[in-house]
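# A structural walkthrough
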Amino acid sequence: MGNFIGKAVKRREDARFLKGAGTYTDDIKLPKMTQSAFVRSPYAHAKILSIDITEAEKADGVVAIFTGKDPCGDYGVPCGWQVDFKNGETMREPKHPLLAKDKVKHLGEAVAIVIAETLEQARDAAELVEVDYEELPAVTNPLKAMEKDAPLVHDEWEDNAAFDWCIGNDRAEVEAALEKAHHVTVMEYRNQRLAPNAMEPRSYIADYDVNGDRYTLYTSTQNPHLIRLLLCAFALGIPEHKVRIVSRDVGGGFGSKIYHYTEEALLTWASKEIGRPVKWTSDRSEAFLTDAHGRDHVVKSKMGFDKDGKIVAHLTDEYCGMGAYLSTFAPAVPTYLHGTLFQGVYTTPLIHLNVTAPFTHTVPVDAYRGAGRPEATYLLERIISKGAQEMGMDPVEIRLKNFIPPFDGVEQEGYQTQVALQYDSGNYERALKKALDKLGYEDFRKEQKKAREEGRLLGVGISTYIEGCGIAPSAVVGALGARAGLYEVGQVRVQPTGKVSVFTGSHSHGQGHETVFAQFVADKLGIDMADVEIEHGDTDQVAFGMGTYGSRSLSVGGSAIIKSIDKILEKGAKIAAHKLEAAEDDLEYANGKWTVKGTEKSVSFGDVALTAYVPHNYPEGLEPGLDFSSFYDPGNFTYPFGTHIAVVEVDKDTGKVELQRFVAVDDVGNIMNPMIVDGQIHGGVAQGVGQALLEEVVYDEGGQMITGSYMDYAMPRADDLPMIETDNTVTPCPHNPLGVKGAGEAGAIGSTPAVVNAVVDALAHLGVTDIQMPLKPQTVWKAMQN
Amino acid sequence: MKIKGNYTLSTTPEIFWQMVMDPDVLEKVTPGIKELKALSPDNYEALSEVKVGPVRGNFKGNLSIKDKVEQEGCTLVIDQKSKMGNVIAEIVMTLAPEGEGQTKVEYTGEAKMSGTLASMGQRIMSGVVSTLSKQFFKSMEAEIAARKA
Amino acid sequence: MNVTITVNGKTYTHDIEPRISLVQYLRETLDLTGTHIGCDTSGCGACTVSVNGEAVKSCTMLAVQADGCEVTTIEGMAQNGEMHPIQAAFKEKHGLQCGFCTPGMVMVAADILKNHPNPSEEEIRHGLKGNFCRCTGYHNIVKSIQLAAETLNE
C-alpha cells in the first residue's frame, strides 16, 4: 500500500461542484448560439398525415424548422450490438430516424425541431406547428406484443420480435430434471420498467465551424469517443477527424447517458444547416418520454430442488421489451449481460434461459444501473428464497447448501459456469457470514417472533448476488455481437517538470475519477497527488476511449493507465541508468526516485522527466519525451459479489413498508478509496430499493405514459431510506493489475431482491409467497388480504 | 378516465333542454369557450382556453350532440386538440325532473387523453374536469337566474 | 417589466419578460449557472435558493415575484474563497457525487440548520424531502448536515 491507495482521500472535484462552478452542458453559452424545442408525438402509434409549419415559421425569433421531410429525416442512429435469432435470421434492426417521417412509434417521438434565438421563442413557435395524426392501436406490454393479433411496431416484419436467444444447457435435459425434482418453485412476474432519472437532464450543443469545416458537440454523455464513432461512422456519415465531442461535468448517468440519442445527431446536422451553434436541453417531462428506460422483463421461471434443498435445474422464459427501436446496447442487456449470470453463486448443474425480445410502442429500453444483472439477480435471489419458504427451510441454510465453494483464481482455477462465463475469484460464504454477523441474524429472528406475537410484521430478506462487470474482453463480446471493442485507453504524459497529466477514455459523471485515478497514479509513480491531473471527456484531448458503464472505469480504464505507467517507468529507468552510469538491472524505483541498489546514488523522477525533454546527455538511440498511451483489453470480466440484507416492518393496517435496516457486505476486489466505494454502494442500494418499493413507469393500454413527472413517478426521497450499513470482504481480482472488480452497480444489483424477500418474509405466516414490484402499500395490503 | 357526476338545477327539464340546445347559451356558460361555431345542426367547432391549476392550453376541435331524446338526455361527443395533448370524450347526460321545478342532471362518460394531459396524471385531470363541470353548472345556474329575472 | 433584485449582495435591475422564472433569470440573465434545473414540476429541488432567508424552489417563483428581494444562491455561500461550513462538511463527508443536486442540497441544508440548529436524523431527512439526489442514497448528505451542525455550533 502506498500513500494514497486504500485511503479515504477527499475528492478534488468537490470544490467546483460545491461552489456552483461545475460546467454542465446546459451551463455553456456560445456566441451566436440558438436554442431549440421539439414537437413530439402525443400518441404511441400514429400515422403523420400532415405537418404544417407556416404559422410557426412566422413566429418571433424563429431561425429554422426541420421535419422528417427534410434531409435529416433520412438519417438514423444505429444499434451497437447484434443478437441474431436462434434460427439464424439476422436481428431485425429498424431504422431509428432522427425525426419521424410517416409514422410515430412511441409517445414523445420527435416529429419536428424548432430552432430560434431564445428558448422561449423556440417553445412558443413549437406550439404553432400543426401536426395531423391518425391514431393507431398500440402495444406496450412485451408479452402482449408477441400475441397473434398484436399491433405491429414495424410493418416490414410479420411479428414484433426483434430477436430471440437462449443460453445454457439443452432445454429438454433441463425439463427432464425438473420433472424428476423433489420440489419445483415457480415464479411469474414482470420486472417493471424504470426511468433512470439522472438528475441532470440530457443536454447538447452542436457547433459547426464553417471556416474550419469542423463540428463540436458538447454533450452530457458517459462515453464521448463512442458517441463520436457512432455519430460519424453510422448516423451522419461525417469524417471522424472533423468532429470533437466534449463532455465535461455530467450530472449522473446510470446508463441512460451511454446511448447515442437522435437529438445529438440532429443538432449536429442542424448546426451545419444554419451555420450557428444550437442547444437543446431536455426538460424532465421530455426525459421521462425519451431517455432510454430500464428493465421491462416478463418472466416465467421454474427452479427444481432435491429433498435436501439442493438446486437441480433452472428453466426460464422471458419476454424482454425493447421499446420501439433498438437503442445502442439494448440487445446485449437481456442476453449477454443477463443470461450469463444465471449461475448466480450456486452450483446449479442445469440451466436454460430463453429470451424473446419484442418491439413495443414505447421509448427504447437499454442498460440502467446493472443492466440485465439486476434482473438476473432478482430472479435468482427471489426464487431460491421462495423455494426455501415453500420447503420450510431457512433462506440462509438453502444458500449455504448451494454455494460455489471459495476459489481465488490463482491457486484454484476460476469457476466455469453453465452459462458461458468463468468467474475470476469468489468467496460467497464469507460475505454472507459477515453480513449475518453485522445484522445479528439469530437475534433478529427472535425479535421477529416476539413482534409477530404482538401483531407486528417484521421481515428479513437476504440476497447473495454476483455480477459480471469490467466490461469487457473485446474478442469475447465481438463473438457475442458487439459492434465495437470494449478495451480502454489511458495516456500518461509526464511533463518536463515532472508533473503528470493523465488522459483517460473513462468518463466520470459522479464516480470521482479525478481523485481515485490520481491516487493510484501518484502511488505507482511515487509522487504527490497534487502533481497528477486527470483529464477526461474531450475527444480532442484524449486519444481514444470507450467510456464508463458496466463498472469498468477502474478495472479497464485504470488498467490502461497502469500499462502506460509501466512504460513510463521502463523508459525512465533507461534514462536514470544513463544518468547514474549504472546498469538498468542495478536500479530500483521507489518513492519517486531510481536508486542504484545498495548505494545512496539516486536520481529523481523529476530529473528524469526533465532529461527526457532536454536530452542533452541522453542514452543513445532513445527517443526524447516521456509520454505513453496504452490500450488495455481485459482478459476476463470481473465478478464482484456480496450479501445484502434488508429488515422491514410492514404496517398491518395500510401495507406500507418501512425499510428499517440495510446491511451491505460487498466484495469489489481491492479498494482504492473506501469512501467512494461506500458512496457508490449507498447510491446503488437507494436505486435498488427504489425499484423494490416505489418506482415504475406505467404506460396505459393506448401507450400514454401516466407516470411522466415527479408527481407520479416515485423515486426514493431522504425519508424513504435508513442509513446503509456497509462493509466489505476483499477477494482481489486475479487478472488486472490493481486487483479491482468494480463497485458502480453492485448496490443496485444486490439490493432489490433483499427488500422484496424481507417483505415476503414479514408476511410469510399469512401465506404470502410473492408480491409484484413495486411494493406499494396497496399492493402489499392486497397481498395480505388474500 | 371516467367522468361521473350530477347536479341539481333550479329549472325544469324543458327549459334546461332548450338552453343546452342553444349554441349561444353554451358558448356563454361553458368554461373557457372562446368561440362556438355551428358546422351543422348539433355539430360545432369549438375554440377554448382552459386554465385550471397546472393545466393550461388552447383547445380546438369538434363538439357534437347525438342520441337526443328531448328533455330526457343526449350524448356529448368531444374531440379537442391542444399542444398539451388531445381529448376524446363521450359523455351521456340524462335529465330527470326533481322536486318543484328542478332538474337533476346526471352525467357519465369516458375521456381518453394523450400527451402531457395524460402523463400529468389522472388525479390532476379528474380534479380539472370536476372544477370545469362545477363552473359549467354554476354559470348555467346564473343564466337561469338571469332568465328568471 | 423592470425588476430590482439583490443577488449574493449585489443589486441588479433588469427589464425582463414577466413569464421568466427566478431560476431562468439567475442562469440566463445573471449567468449564475450554479443553480440547476432538474425538473419542471417543482419536485426535485435542484433549483433551491434562499429568498429573504427562506429556502425557495426558484423554478416555482417568477423573477418578478422576487422584485425587491434578497436572494442568495450557491455562488454566494463561500466567503472570500473559503467554503461555507456546510460546503466544507459536504466535501468532508462525501455528500455529493455528480454534483448536480448539490447546490440545492447545500441551500436546503442551510434552511434546515437555520430552523433546527441541532437537528435529529429524522428532522434532516424530513427537511431534505423536497430534494432529489440520485447518486448518494442521501446517506452521506445526512452525515454532511450533521457535521455542518456540529461545526456551526462550535
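The rules behind these values
Residues numbered from 1 in each chain as written. Chains lettered and ligands numbered in written order. Predicted model: local features only at pLDDT ≥ 70, side-chain atom pairs only at ≥ 80, totals over all residues. Heavy atoms only, no water. Helix = DSSP H or I, 4+ residues; strand = E, 2+ residues; numbered from the N terminus. Buried < 20%, exposed > 50% of the residue type's maximum accessible area, 1.4 Å probe, protein only. Contact = heavy atoms within 4.5 Å. Lys, Arg positive; Asp, Glu negative; His and termini not counted. Charge placed at Lys NZ, Arg CZ, Asp CG, Glu CD. Pairing = 2+ DSSP bridges. Axes fitted to C-alpha atoms, helices over the stretch in contact; angles between N-to-C directions. Parallel < 35°, antiparallel > 145°, perpendicular 65-115°, else oblique. Left-handed = near helix turned anticlockwise from the far one by under 90°. Nonpolar A, V, L, I, M, F, W, Y, C, P; charged D, E, K, R; others polar. Salt bridge = Lys/Arg side-chain N within 4 Å of Asp/Glu carboxyl O. Phe/Tyr/Trp six-rings, centres within 6.5 Å; stacked < 30°, edge-to-face > 60°. Lys NZ or Arg CZ within 6 Å of the ring centre and 35° of its normal. Buried area = accessible area lost by both parts, 1.4 Å probe. Polar contact = N/O pair within 3.5 Å; in protein donor to acceptor, adjacent residues only side chain to side chain. Disulfide = S-S within 2.5 Å.

Looking at an unreviewed UniProt entry, one finds chain B named Carbon monoxide dehydrogenase subunit G and attributed to Pseudozobellia thermophila.

If you look chain A up in an unreviewed UniProt entry, it shows as Carbon-monoxide dehydrogenase large subunit from Pseudozobellia thermophila.

Looking only at helices and strands, one finds four helices and seven strands in chain B. Along its sequence from the N terminus, chain B presents helices and strands in the succession β-α-α-β-β-β-β-β-β-α-α. Reported as C-alpha extents along the three principal axes, the dimensions of chain B are approximately 45 × 30 × 30 Å. The proportion of buried residues among the 149 residues of chain B is 42%. Within chain B, residue pairs in contact and separated by at least 24 positions form 50% of the contacts whose partners lie at least 6 positions apart. Computed over 19 positive and 19 negative side-chain charges, the separation of the two mean positions in chain B equals 10 Å.

Strands sit in the order E4-E2-E6 (chain A) across an open sheet of three strands; the sheet is antiparallel. Edge positions in the open sheet fall to strand E4 (103–104) and strand E6 (130–135) of chain A, since each of these has one partner strand only.

Moving on, we get to the packing of helix H9 (residues 373–390) of chain A against helix H18 (residues 746–763) of chain A. All names here are of chain A. Their axes nearest at 8 Å, the elements H9 and H18 cross at an angle of 30°. Relative to H18, H9 is oriented roughly parallel. In this structure, the crossing between H9 and H18 has a hand that is right-handed. Of the residues in H18, those touching H9 at Arg-373, Pro-374, Thr-377, Tyr-378, Glu-381, Arg-382, Ser-385 and Gln-389 are Ala-748, Ile-749, Thr-752, Pro-753, Val-756, Asn-757 and Val-760. Within the contact of H9 with H18, the residues separate by chemical class into seven nonpolar, five polar and three charged.

This part takes up the pattern of salt bridges. Residues and elements named next belong to chain A. As enumerated under the stated definition, the model contains 69 salt bridges over all chains in all. With a shortest N-O distance of 3.8 Å, Lys-446 and Asp-443 are connected by a salt bridge. Remark: Asp-443 and Lys-446 occur in helix H12 (residues 441–453); sequence separation between them is three residues, near one turn of the helix. Grouping residues by exposure puts Lys-446 and Asp-443 together as exposed.

What follows deals with the packing of aromatic side chains. Within the structure shown, the criterion is met by 32 aromatic pairs over all chains. With 6.0 Å between their ring centres and 65° between their planes, Tyr-259 of chain A and Tyr-261 of chain A make a pair best called edge-to-face. On the basis of relative accessible area, Tyr-261 of chain A is assigned to the buried category, the value being 8%. Here the aromatic rings of Tyr-589 of chain A and Trp-594 of chain A are separated by 4.3 Å at their centres, their planes lie at 50°, and the arrangement is tilted. Within the aromatic cluster, the residues linked to one another by ring pairs are Tyr-346, Phe-403, Phe-407, Tyr-415, Tyr-423, Tyr-428, Tyr-639 and Phe-641 of chain A. We note Arg-16 of chain A situated over the ring of Phe-17 of chain A; from NZ or CZ to the ring centre the distance is 4.8 Å. Against the face of Phe-132 of chain C rests Arg-717 of chain A, its NZ or CZ located 3.8 Å from the ring centre.

This brings us to the interface of chain C and chain A. Counting residues at the interface gives 51 residues for chain C and 51 residues for chain A. Interface area, chain C with chain A, both sides summed: about 4,500 Å², of which 56% is carbon and sulfur. Among the residues of chain C in contact with chain A, His-94, Phe-132 and Arg-134 of chain C are the three that bury the most area, contributing 20% of the side total. Linking chain C with chain A are seven salt bridges, by the criterion used here. The closest approach of N and O atoms between Asp-31 of chain C and Lys-29 of chain A, which form a salt bridge, is 2.8 Å. The interface formed by chain C and chain A includes 28 residue pairs in polar contact (both at pLDDT 80 or more). Counting only elements with at least two residues in the side of chain C that touches chain A, the list comes to helix H1 (22–29), helix H2 (85–92), helix H3 (102–115), helix H4 (121–127) and helix H5 (139–153) of chain C.

A word on the state of the cysteines. Using the criterion set out here, one finds zero disulfides over all chains in the structure. Left unpaired, Cys-320 of chain A is separated from the closest cysteine sulfur, that of Cys-166 of chain A, by 13 Å.

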